[in-house]
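# Reading the structure
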Amino acid sequence: MDLLSSILVVTNLLFFLFKISYGVLDSITPSQRLSDGDTIMSREGNFVLGFFSPGSSKNRYVGIWYKSIPVQTVVWVANRVHPINDTSGILMINSTGNLNVIQNNSVVWSASTLKEAQSPLLQLLDTGNLVVTDGNSEDYLWQSFDYPSDTMLSGMKYGWDLKRGLNRRLIAWKNWDDPSPGNFILEMTHHNYPEAYLWQGSTIYFRSGPWNGYRFSGLPGLKPNPVFAFKFVFNQDEAYFICTLKQSLHARSLVNQTNSMFQRFTWTEQGWKLHAYLPMDFCDTYALCGAYARCLVTDFPVCQCLNGFKPKSQQRWDSMDWSQGCVRNKRLSCEEKSTHGFLKFSGLKLPDTTHSWLNTKMNLKECRAECLNNCSCMAYTNSDIREGAGCAIWFGDLVDIKQFPTGGQDLYIRMHPSELGSIHKLNKKKRVVVIITASIISGLLTLGLLWRFTWKTTNRRRERKKEDVDVPLFNFTTVATATNKFSPANVIGAGGFGPVYKGRLCNGQDIAVKRLSKNSRQGLEEFKTEVVLIAKLQHKNLAKLLGYCVEGDEKILIYEYMPNKSLDCFIFAATCLLSMQLMEDFQ
């Protein structure tokens, strides 16, 4: 009988080891352990849990990766701070449900459950979530989705569990060989009016804007689509964003310290395809224009003071240093708060909500009264634009406002009564002009035709004098990344004003980058004139100007890349000397 029992025990042990070796288990119990070299696989075969070494590193980590994707793509790491330097590592769950990663009888990583389990089970789900349950219970006593690494998966809550004080945030790997926490972080703020921040160390790098019922106000492109479904939940217990897949495919979002971006990918037969990324453009740079100014990427310069405001330092503003922002033309007095009014600004990313207040029950009229009665309130708007409900008000300076060509939100900013009066008078004058003009046209057709001719002539002159450029402004980091940090290997030519590089944007588009030499005699105004001229030149044989970059003493032009080298000719070839001479004459 003892012999039979021993045979059964050995048989069961061998069967377990066989299943572990071939990855057919999706769970382990306290009587089992996962050694380096063994894996468990989710039931439908989507994900694998085991030990791995990233990149060229020899360190060993416990992680989760996709099973069916040929390029190992890790989505979660347990012991990212404490790697194992050999293959002696073991993952186990104890009798109360706590997890431990052990090296030579020393615990290098552990995780505790919310309460003790009677029959603990560690299971890998097909969502990529590693969970601890008590027997067959569907309640999770612990889950890896509560402690993400750098990656957000479908069904994962990103944000706060306010009851537990749990902050689910994404922290980038230091590099491809080192999954330890870097300094590039995506985090939901714990404000009265929550929004998402991208941090570089202790510096805010990007801000999403608050949720407006449909999307984050700084992301007008976040719209219903056939691939992803998303929602934002904010109540006394939770504040989180969640994204789920509508289709059966692999998708992931991650913070990437290498290029300082938050990126969303979907898997195709050709590999991981970039679906979306943040920041999107130069105007996503946090507080680029300072207080009471708005940033529009197609403007030149991109920063403009809001109506009723002026640069705090005109000299610095003219030198394209906008950090000090703008100040009011007329200062406000709290004693005169009843005479104040509000000016409506449309198409905006709402300001930073650090100093804000939210009431979801108020309507817009009540919100205005609340703001007007508090002289510290600088602006208000609806918090939910779906039905014009809710009230959000801002205290202190309004910072990090972005203007969108389409989309965006309304914001009502507190103004001095004299500013409102001048605006109303201007509108009244415009109405009088329209009435008089309409009367003249209806009474005297000839005079109307003459006016039309005069107007066209004047408009053409204005267009000839117009200096604004409807060309996107790139930030320096984007251009440097595209050209491999202006690598000499990327140089495709050089002219009198500096070298030209071939580059590739993160969306895959090839570009040619003309970087003006810092020793060039061309100043900011001359550079601006060149941008104007080239932007107006449209011909099938000329390279199209895609954008420009002005940052510090850097002046850069970004063209479409033309393999037939017509771009080389356009920029610096000797055969185009006449074109360059014409440009110099224009300047």
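Let me begin by describing the structure that accompanies this report.

A count of helices and strands for the protein gives nine helices and 39 strands. Looking at the protein residue by residue over its 587 residues, the buried ones come to 48%. As presented, the protein carries roughly 30,600 Å² of accessible surface, and 52% of it is formed by carbon and sulfur atoms.

Another aspect to go through is the pattern of salt bridges. Evaluated as defined, the whole model comprises 18 salt bridges. A salt bridge links arginine 504 to aspartate 510, with the shortest nitrogen-to-oxygen separation between them at 2.8 Å. Among the residues examined, aspartate 510 registers a relative accessible area of 25% and is labelled partly exposed. A salt bridge links glutamate 554 to arginine 515; the shortest N-O distance between them is 2.6 Å. Here glutamate 554, found in strand β39 (residues 554-560), pairs with arginine 515, found in strand β37 (residues 510-515); they are 39 residues apart in sequence, far enough to count as distant.

Once that is clear, we can look at the sheet that holds strand β21 (residues 238-245). The strands making up a sheet are joined through hydrogen bonds of the backbone, oriented either antiparallel or parallel. The strand order across the open sheet formed by four strands is β15-β14-β21-β20, and the pairing between neighbours is antiparallel. For this open sheet the edge positions go to β15 (166-168) and β20 (228-234), each flanked by a neighbour on one side alone. Strand after strand, the sheet turns through a mean of 15 degrees between neighbouring axes, direction not considered.

Attention now goes to the layout of surface pockets. What the largest pocket holds in volume is close to 980 Å³. If you trace the largest pocket, you find 42 residues lining it, with Met261, Tyr277, Pro279, Met280 and Cys506 closest to the centre. Of all the secondary-structure elements, those providing two or more residues to the lining of the largest pocket are β22 (251-256), β23 (261-268), β24 (271-278), β33 (401-403) and α6 (476-482). With four residues, α6 is the single largest residue contributor to the lining of the largest pocket. Among the residues forming the lining of the largest pocket, the class breakdown is 22 nonpolar, 15 polar and five charged. Its boundaries defined by the atoms lining it, the second largest pocket holds a volume of some 450 Å³.

A word on the environment of proline 417. Inspection of the secondary structure puts proline 417 in helix α4 (residues 417-443). Filtering out sequence-adjacent residues up to four positions away, proline 417 remains in contact with Thr339 and His340.

Mapping asparagine 490 onto the fold places it in the loop between α6 and β35 (491-495). Here asparagine 490 is in contact with Ala482, Thr483, Asn484, Val500, Tyr501 and Lys502, once residues within four sequence places are set aside.

On to the packing of aromatic side chains, then. Two numbers describe a pair of aromatic rings. These are the distance of the centres and the angle of the planes. In total, this model carries 26 aromatic pairs according to the counting rule given. Between phenylalanine 52 and tyrosine 61, the aromatic rings sit 5.9 Å apart at their centres with planes inclined by 35 degrees, giving tilted as the arrangement. Tyrosine 61 shares its class with phenylalanine 52; the two are buried. Among the aromatic residues, ring-to-ring pairing joins Trp211, Phe216, Phe230, Phe232 and Phe241 into one connected group. The ring of phenylalanine 228 carries the charged tip of arginine 264 above its face, separated from the ring centre by 4.7 Å. The ring of tyrosine 292 carries the charged tip of arginine 328 above its face, separated from the ring centre by 5.5 Å.

Within strand β31 (residues 377-381), five of the five residues are buried, which leaves it mostly tucked inside the rest of the structure. With four bridges joining them, β31 and strand β32 (residues 389-395) adopt antiparallel strand pairing. The residue of β32 that forms the bridge with cysteine 377 is phenylalanine 395. Pairing between β31 and strand β34 (residues 409-415): two bridges, direction antiparallel. Across the sheet, residue alanine 379 finds its bridge partner in β34, namely isoleucine 413.

Another aspect to go through is the nonpolar core. Grouped together as the largest cluster of nonpolar side chains are 58 residues, with contacts concentrated most on Leu49, Trp109 and Phe241. Among residues more than four places away in sequence, those in contact with phenylalanine 241 are Met156, Lys157, Tyr158, Met188, Trp211, Phe216, Phe230, Lys231 and Phe232. Among the nonpolar cores identified, the runner-up in size contains 51 residues, and Val297, Trp317, Trp394 and Leu411 belong to it.

What follows deals with helix α7 (residues 524-536). Here α7 spans 19 Å end to end across 13 residues, near enough to the 18 Å set by a 1.5 Å rise per residue. All of the buried residues along α7 are Phe527, Lys528, Glu530, Val531, Val532, Leu533 and Ile534.

Across the sheet, four strands lie side by side as β1-β10-β11-β12; this open sheet has antiparallel pairing. At either end of the open sheet lies a strand with only one pairing partner, and these are β1 (27-28) and β12 (142-143).

Within helix α3 (residues 364-372), burial applies to Cys367, Cys371 and Leu372. One face of α3 carries all of its buried residues, which in axial projection span an arc of 130 degrees. Looking at the buried positions of α3, the neighbouring elements they touch are β29 (341-349), β30 (356-363), β31, β32 and β34.

Geometrically, the link from leucine 278 to proline 279 is a cis peptide bond, its omega value of -5 degrees lying close to zero. Looking along the chain, the bond that leaves phenylalanine 300 and enters proline 301 is cis, with omega of 0 degrees. Note on placement: proline 301 falls in the loop between β25 (293-295) and β26 (303-305). Located in the positive-phi region is alanine 287, a residue other than glycine, with phi close to 55 degrees. Residue placement: alanine 287 occurs in the loop between β24 and β25. Among the residues examined, alanine 287 registers a relative accessible area of 22% and is labelled partly exposed. We note that tyrosine 292 has phi near 55 degrees; this positive angle belongs to a residue other than glycine. Note that tyrosine 292 resides in the loop between β24 and β25. Overall, tyrosine 292 belongs to the buried group, its relative accessible area being 6%.

The rules behind each value
- Residues numbered from 1 in each chain as written.
- Predicted model: local features only at pLDDT ≥ 70, side-chain atom pairs only at ≥ 80, totals over all residues.
- Heavy atoms only, no water.
- Helix = DSSP H or I, 4+ residues; strand = E, 2+ residues; numbered from the N terminus.
- Buried < 20%, exposed > 50% of the residue type's maximum accessible area, 1.4 Å probe, protein only.
- Areas by Shrake-Rupley, 256 points an atom, 1.4 Å probe, with all protein chains shown as cover.
- Salt bridge = Lys/Arg side-chain N within 4 Å of Asp/Glu carboxyl O.
- Pairing = 2+ DSSP bridges.
- Axes fitted to C-alpha atoms, helices over the stretch in contact; angles between N-to-C directions.
- 1 Å grid on protein atoms, 1.4 Å probe; cavity = no way out; pocket = protein on both sides within 12 Å on 5 of 7 lines; lining within 4 Å.
- Points joined across faces, edges and corners; volume = space filled by probe spheres on them.
- Nonpolar A, V, L, I, M, F, W, Y, C, P; charged D, E, K, R; others polar.
- Contact = heavy atoms within 4.5 Å.
- Phe/Tyr/Trp six-rings, centres within 6.5 Å; stacked < 30°, edge-to-face > 60°.
- Lys NZ or Arg CZ within 6 Å of the ring centre and 35° of its normal.
- Core = buried A, V, L, I, M, F, W, Y, C linked by side-chain atoms within 4.5 Å.
- Expected span 1.5 Å × (residues − 1).
- Arc of directions from axis to C-beta.

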